[in-house]
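Structural overview
Residues per chain are reported as follows:
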Amino acid sequence: MSNKTGPELSHSLGTVQLWAIAVGLVISGEYFGWSYGWDSAGTLGFLVATILVAVMYLALIFSYTELTTAMPRAGGPFVYVSAAFGRRAGLLAGYASAVEFVFAPPAIALAIGSYLHVQFPALPPKLGATLAFLTFMAINIVGIQIAASFELIVTVAAIIELLIFMGVVLPGFSWSRFIAHGWGGADHFSWSVLTGIAGSVPFAIWFFLAIEGVALTAEEARSPRKTLPRAYIAAIATLVLLAFGVMILAGGVGDWRTLASLNDPLPAAMRMVVGDHSPWLHMLVWLGLFGLVASLHGIIMGYSRQIYALADDGGLPRVLARVHPRFRTPWTATLAGGAVGILAIFSDDFMSWGGQGLTASIVTLSVFGALTMYVLTMSSLFRLRRTAPDMQRTWLAPGYPVVPGFALAAAAAALILITIQNPILFTVFITMMAVALGMSMRFSRSSDTE
């Protein structure tokens, strides 16, 4: 384990800040990305997928909180799985979590770049995405209190904006428009729709992806065994309400098929109700950036802590575990994850990502990391209940073993479905895991000699 003697992480985050981080990590998923699910499943098929995924996340968070409060350390899933199954399994969970958090930001940054390009046509989307990345990496490095306060402001602004969107489009909503062609383009359910529903699961997961990342800041929380459960419960309730409100109302204001596969479905949906020149539309385009910024900034905060924890234990090069002596933040981990994200932004210039658009491919790759980590952490919960019954647990998973068992089964089923749907991207993911695990022994030996 860690033998670092340098500066430690700060311990200053309260419940409201943790709630803002948890919601902010995810809230861009309410702004973009999810509409790709309509393309394969239709509105009703995707509604089914989203209900199943929402129930999975509710079960997951109520169970995951037991692990977070029992072991409130920056490593999150790496720590939990190591305690249950040993260090090698812990590294696998940590690397999977790192993939989730490192590959989600490029998709979000690209959406920010697209928004900026609409307002400033001379600014190429990828350059805008890169500038956004660099800006929020810098904010994360200069201090957790500054970063968390900024996250609170932009998250609250993003929530207000989504509520305004729902209020503005509600008068134009029609259930008949929402259900028209809702079963994968057909008006009636057929068994063939199941394939489309399975294909839409990654985009339903995008509504909630990374909420568990607030656990990566547990080492910087005040009284984490009290503050984290409150933050988790409030965050998942907030996100469930926003996800269904946005998806259902956007799908019933016009022909939803024109919104499928758009990177900016909310402005397009509002345009159907208020027209092209409404001040509401211009407000949404500008303030819509808040949701994207909140998630980009929050996930940078998350990936930096995961990389830091892995490096601090020797699972990555020790240089990535450096804490800034003045700001007390993992600055080298922040820069390293950002470098990978920026490379991903430009990768479609020279390679194909599984035969689908770059944003959809990055979303799917991030989902592979998340689901792998969910399976491992839920398995850890069951094992630790048996092998460490005396562990301090200020929060117990409700409905044990049914609730965490459902979360485990649902995550495993989703992982199998998405693997069948995306074999090329799964191969990419597995290759990254194998390379990382293969090199972990070298990193460990290097850290032991320092």
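From a predicted model like this one, the values you see are computed outputs, not experimental measurements.

Let us now look at the overall build of the protein chain. When its secondary structure is counted, the protein chain shows 15 helices and 0 strands. Relative to the compact-globule value of 22 Å for 450 residues, the protein chain shows a C-alpha radius of gyration of 21 Å, a close match. Dimensions of the protein chain along its principal axes, counting C-alpha atoms only, are 65 × 50 × 45 Å. Out of the 450 residues belonging to the protein chain, those deemed buried represent 61%. Sequence separation of 24 or more characterises 84% of the internal contacts of the protein chain that already satisfy a separation of 6 or more. On the protein chain, roughly 16300 Å² of surface is accessible, and the fraction owed to carbon and sulfur atoms is 68%. Distance from the positive charge centre (23 side chains) to the negative charge centre (21 side chains) of the protein chain: 10 Å.

Secondary-structure assignment places V99 in helix α4 (residues 87-119). We classify V99 as buried; its relative accessible area is 7%. Measuring from C-alpha to C-alpha, the distance between V99 and G75 comes to 14 Å, with 24 residues separating the pair along the chain. Those residues in contact with V99 that lie beyond four places of it in its chain are A104, L365, S366, G369, F429, M432 and M433.

On to the packing of aromatic side chains. As enumerated under the stated definition, the model contains 21 aromatic pairs in all. On the numbers, 5.6 Å between centres and 80° between planes, the contact of Y64 with Y80 is edge-to-face. On the criterion of sequence distance, the pair formed by Y64 in helix α2 (residues 36-70) and Y80 in helix α3 (residues 77-85) is long-range, its members being 16 residues apart. The same class applies to Y64 and to Y80, which are both buried. The interplanar angle of 75° and the centroid separation of 5.5 Å between the aromatic rings of F189 and W191 together place this pair among those described as edge-to-face. For W191, a relative accessible area of 69% gives the class exposed. The lysine or arginine in question, R385, covers the ring of Y400, its NZ or CZ lying 3.9 Å from the ring centre.

Once that is clear, we can look at the packing of α4 against helix α5 (residues 125-141). What describes two packed helices is the angle between their axes and the distance between those same axes. Where α4 contacts α5, the two axes come as close as 7 Å, and the packing angle between them is 120°. Between α4 and α5, the angle falls in the class oblique. As for the relative orientation of α4 and α5, their crossing is right-handed in sense. Contacts between α4 and α5 involve P105, P106, A109, L110, I112, G113, S114, L116 and H117 from the first element and P125, K126, G128, A129, A132 and F133 from the second. Split by residue class, the contact of α4 with α5 holds 10 nonpolar, 4 polar and 1 charged.

Here the protein chain averages 86 in pLDDT, and 92% of its residues register 70 or above. Mean pLDDT values over the elements of the protein chain span from 78, in helix α15 (residues 423-448), up to 95, in helix α7 (residues 175-179). Contacts from residues 446-450, a stretch scored under 50 in pLDDT, to residues over four places away or in other chains number 4 contacts.

Below, the discussion takes up the pattern of salt bridges. Counting across every chain of the model gives 5 salt bridges. Across the pair R385 and E66 runs a salt bridge whose closest N-O atoms are separated by 2.9 Å. Placement of the pair is R385 in helix α13 (residues 358-387) and E66 in helix α2, with a sequence separation of 319 residues. Across the pair R318 and D312 runs a salt bridge whose closest N-O atoms are separated by 3.5 Å. Among the residues examined, R318 registers a relative accessible area of 16% and is labelled buried. Among the charged side chains, a network of salt bridges with common partners joins E66, R385 and R393.

This brings us to helix α8 (residues 193-205). Under the 1.5 Å per step criterion, the end-to-end length of α8 is 19 Å for 13 residues, consistent within 8% with the ideal 18 Å. Roughly 35° is the biggest bend found in α8, and it falls at G199, with proline P202 one to four residues downstream. Burial of α8 is extensive: 11 of the 13 residues sit out of reach of the surface. Within the span of α8, buried status applies to V193, G196, I197, A198, G199, S200, V201, P202, F203, A204 and I205.

Turning our attention to the nonpolar core. Core analysis: the biggest nonpolar cluster contains 160 residues, and F46, Y57, F165, F208 and L371 have the highest contact counts within it. If you tally residues by element for this core, the top one is α4, at 17 residues. Not counting chain neighbours up to four residues away, the residues in contact with F208 comprise V26, V53, A54, Y57, I236, L239, V240 and A243.

It is worth spelling out helix α9 (residues 224-251) at this point. Between its first and last C-alpha atoms α9 spans 39 Å; for 28 residues at 1.5 Å apiece the expected length is 40 Å, and the two agree. α9 sits mainly inside the fold: 20 of its 28 residues count as buried.

Another point: the packing of α2 against helix α14 (residues 402-421). It is at 8 Å that the axes of α2 and α14 come closest, and there the two elements cross at 125°. With respect to their mutual orientation, α2 and α14 come out oblique. For the pair α2 and α14, the sense of crossing is left-handed. Between α2, through V55, M56, A59, L60 and S63, and α14, the contact on the second element is made entirely by V403, P404, F406, A407, A410 and A411.

Take L134: it is sitting in helix α5. A residue is classified by how much of its surface remains accessible, and L134, at 45% relative accessible area, is partly exposed. When the C-alpha positions of L134 and T258 are compared, they lie 33 Å apart, and in sequence the two are 124 residues distant.

Cut-offs used in this document
Residue numbers restart at each chain and count upward from 1, following the sequence in its written direction. Restriction of local features to residues with pLDDT of at least 70 applies here, the model being predicted, together with a cutoff of 80 or more for giving and counting side-chain atom pairs; totals for whole chains, interfaces and linings are based on all residues. Side-chain numbers here rest on the full set of heavy atoms in the structure, without hydrogens or water. Secondary structure elements are taken from DSSP: a helix is a run of H or I of four residues or more, a strand is a run of E of two residues or more, and numbering for both begins at the N terminus. Radius of gyration: C-alpha atoms only; globule rule: 2.2 Å multiplied by the number of residues to the exponent 0.38. Partly exposed describes any residue whose relative accessible area lies between the buried limit of under 20% and the exposed limit of over 50%, with all areas from a 1.4 Å probe on protein chains only and scaled to the type maximum. When checking whether two residues touch, look at their non-hydrogen atoms; a contact exists if any pair is within 4.5 Å. Exposure was quantified through the Shrake-Rupley algorithm and a 1.4 Å probe, taking into account, for residues, occlusion by the shown protein chains and nothing else. All tallies of charge rest on Lys and Arg as positive and Asp and Glu as negative; His and the ends of each chain are not included. Charge placement uses NZ in Lys and CZ in Arg. For Asp and Glu, CG and CD serve respectively. Stacked, tilted and edge-to-face pairs are distinguished by plane angle, under 30 degrees for stacked and over 60 for edge-to-face with tilted covering the rest, among Phe, Tyr and Trp rings (Trp via its six-membered ring) whose centres lie within 6.5 Å. In our convention, an over-ring charge means Lys NZ or Arg CZ found within 6 Å of a ring centre and within 35 degrees of that ring's normal. Note on definitions: angles span 0 to 180 degrees between N-to-C directions of axes, and those axes are lines fitted to C-alpha atoms, for helices only across the stretch in contact. Should an angle lie under 35 degrees it is considered roughly parallel, over 145 roughly antiparallel, and from 65 to 115 roughly perpendicular; all remaining angles are considered oblique. Here a crossing is called left-handed whenever its near helix is offset anticlockwise from the far helix by less than a right angle, and right-handed whenever the offset is clockwise. For this scheme, ten residues count as nonpolar: Ala, Val, Leu, Ile, Met, Phe, Trp, Tyr, Cys and Pro. Four count as charged, namely Asp, Glu, Lys and Arg, and the remainder, Gly too, count as polar. Per residue, pLDDT measures the predictor's confidence, with a range of 0 to 100. A pairing counts as a salt bridge when a side-chain nitrogen of Lys or Arg comes within 4 Å of a carboxyl oxygen of Asp or Glu. Helix span, expected: 1.5 Å multiplied by one less than the number of residues in the helix. To obtain the bend at a residue, axes are fitted to the seven residues ending there and to the seven starting there, and the angle between these axes is taken. By nonpolar core we mean a set of buried residues, namely Ala, Val, Leu, Ile, Met, Phe, Trp, Tyr and Cys, connected to one another through side-chain atoms within 4.5 Å.

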